[in-house]
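What the coordinates show
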Amino acid sequence: MSDQRTLDVYARKASDYSAMTNEYEAPQLAGFMADLPPGGHVLDLGCGPGKEAAAMARAGFKVTAVDAVPEMVELASAYSGVEARCETFDDLSDEDIYDGVWANFSLLHAAREDMPRHLAAIHRALKTGGRFHIAVKTGTEAKRDRLDRLYTYFTGPELTGLLEFAGFTCTASEAGRSKGLDETYAGWIAISAHA
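All values derive from a computational prediction rather than experimental measurement.

1. Quick look at the nonpolar core
Core analysis: the largest hydrophobic core is formed by 40 residues, its most contacted members being Leu107, Leu119, Ile122, Phe132 and Ile134. Among the elements of the structure, α1 (4-12), α2 (14-20), β1 (41-45), β4 (98-104), α6 (115-125), β5 (126-137), α7 (156-165) and β9 (185-194) are those that each provide at least two residues to this core. Broken down by element, this core gets its largest block of residues, 5 residues, from α6. With 19 residues, the next largest nonpolar core counts Met33, Val42, Met56 and Phe61 among its residues.

What follows is the structure, encoded as structure tokens:
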């Protein structure tokens, strides 16, 4: 289930988060889009204010964007070509309809014990060979940041193992360190995979 305290933080900080990401575009987004068929259907899972969903829509993709925070959905729905809905990770029940699923620093708010179930649902939602991008913060624990958001940290091998168990083939990974909304720096890993 979603952590209500985390959702409350994002509801209060929606405009701040939108401003922080205004000039940001994940470096993996271009490669993700290049691997999709022209005009393909993409799910932005945990879309936040919708900046990356908007970039994919501008590139000609059909974009469905979901987030559990109504304030974020409102921001995302303002972008042309983005169909935004208020849904949690648990609401994903689509089967074989997406050419790609983009989960950029969203699933890190799910509980560790729920990750296998969420990854299995994503795999079912993708067409055969569909592309999946996931990025999380790296570590081995679960804890709250100074804004009261709950994070579950994963090591690269742990996340790779979970993806493979769900039926994915991992094709590339990238690691780095950057500053978040709470003004602290953290390590991260991004993995590209296909169903």
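There is more to say, and it comes next.
2. Some points on the pattern of salt bridges
Counted by the stated rule, this structure contains 11 salt bridges. Salt-bridge contacts for arginine 144 lead to aspartate 148; the nearest nitrogen and oxygen are separated by 3.8 Å. By relative accessible area, which is 27% here, arginine 144 ends up partly exposed. We classify aspartate 148 as partly exposed; its relative accessible area is 25%. What emerges from the salt-bridge pattern is a single network uniting Asp3, Arg5, Arg144 and Asp148.

3. A short note on empty space enclosed by the protein
Scanning all chains against the criterion turns up 1 cavity of 30 Å³ or more. As for the largest cavity, its lining consists of Leu43, Leu45, Val66, Arg85, Glu87, Thr88, Asp91, Leu92 and Asp94. Of the residues belonging to the lining of the largest cavity, the class tally is 4 nonpolar, 1 polar and 4 charged.

4. Notes on the layout of surface pockets
Volume-wise, the largest pocket comes out at about 950 Å³. If you trace the largest pocket, you find 48 residues lining it, with Tyr10, Tyr17, Asn104, Phe105 and Ser106 closest to the centre. By residue number, the principal contributor to the lining of the largest pocket is α1, which donates 3 residues. Residue classes in the lining of the largest pocket are distributed as 24 nonpolar, 13 polar and 11 charged.

5. Regarding unusual backbone geometry
Even without being glycine, aspartate 96 reaches a positive phi, approximately 60°. By the element assignment, aspartate 96 lies in the loop between β3 (82-86) and β4. Classification of aspartate 96 by relative accessible area gives partly exposed; the value is 48%. The phi dihedral of aspartate 148 is positive, around 85°, even though this residue is not glycine. As for its position among the elements, aspartate 148 is in the loop between β6 (142-144) and β7 (150-152).

6. A word on the environment of arginine 5
Within the element layout of this structure, arginine 5 appears in helix α1. Taking the C-alpha atoms as reference points, arginine 5 and leucine 150, separated by 145 residues in sequence, lie 7.8 Å from one another. Excluding anything up to four places from it in sequence, arginine 5 contacts Arg144 and Asp148. Of the polar contacts made by the side chain of arginine 5, one reaches the side chain of aspartate 148; its length is 2.7 Å.

7. Points about the pairing of β1
By the criterion of burial, β1 is predominantly enclosed, with 5 of the 5 residues buried. Both faces of β1 are covered, namely the face carrying His41, Leu43 and Leu45 and the face carrying Val42 and Asp44. Pairing geometry for β1 and strand β2 (residues 62-67), over 5 bridges, is parallel. Counterpart to valine 42 in the pairing with β2 is valine 63. This β-α-β element, β1 to helix α4 (residues 51-58) to β2, shows right-handed connectivity. Relative to β4, β1 is paired through 3 bridges, and the arrangement is parallel. Bridging from a neighbouring strand, valine 42 pairs with glycine 100 of β4.

Each value, and the rule that gives it
Residues numbered from 1 in each chain as written. Predicted model: local features only at pLDDT ≥ 70, side-chain atom pairs only at ≥ 80, totals over all residues. Heavy atoms only, no water. Core = buried A, V, L, I, M, F, W, Y, C linked by side-chain atoms within 4.5 Å. Buried < 20%, exposed > 50% of the residue type's maximum accessible area, 1.4 Å probe, protein only. Helix = DSSP H or I, 4+ residues; strand = E, 2+ residues; numbered from the N terminus. Salt bridge = Lys/Arg side-chain N within 4 Å of Asp/Glu carboxyl O. 1 Å grid on protein atoms, 1.4 Å probe; cavity = no way out; pocket = protein on both sides within 12 Å on 5 of 7 lines; lining within 4 Å. Points joined across faces, edges and corners; volume = space filled by probe spheres on them. Nonpolar A, V, L, I, M, F, W, Y, C, P; charged D, E, K, R; others polar. Contact = heavy atoms within 4.5 Å. Polar contact = N/O pair within 3.5 Å; in protein donor to acceptor, adjacent residues only side chain to side chain. Pairing = 2+ DSSP bridges. Right-handed = clockwise from strand over helix to strand, strands pointing away.

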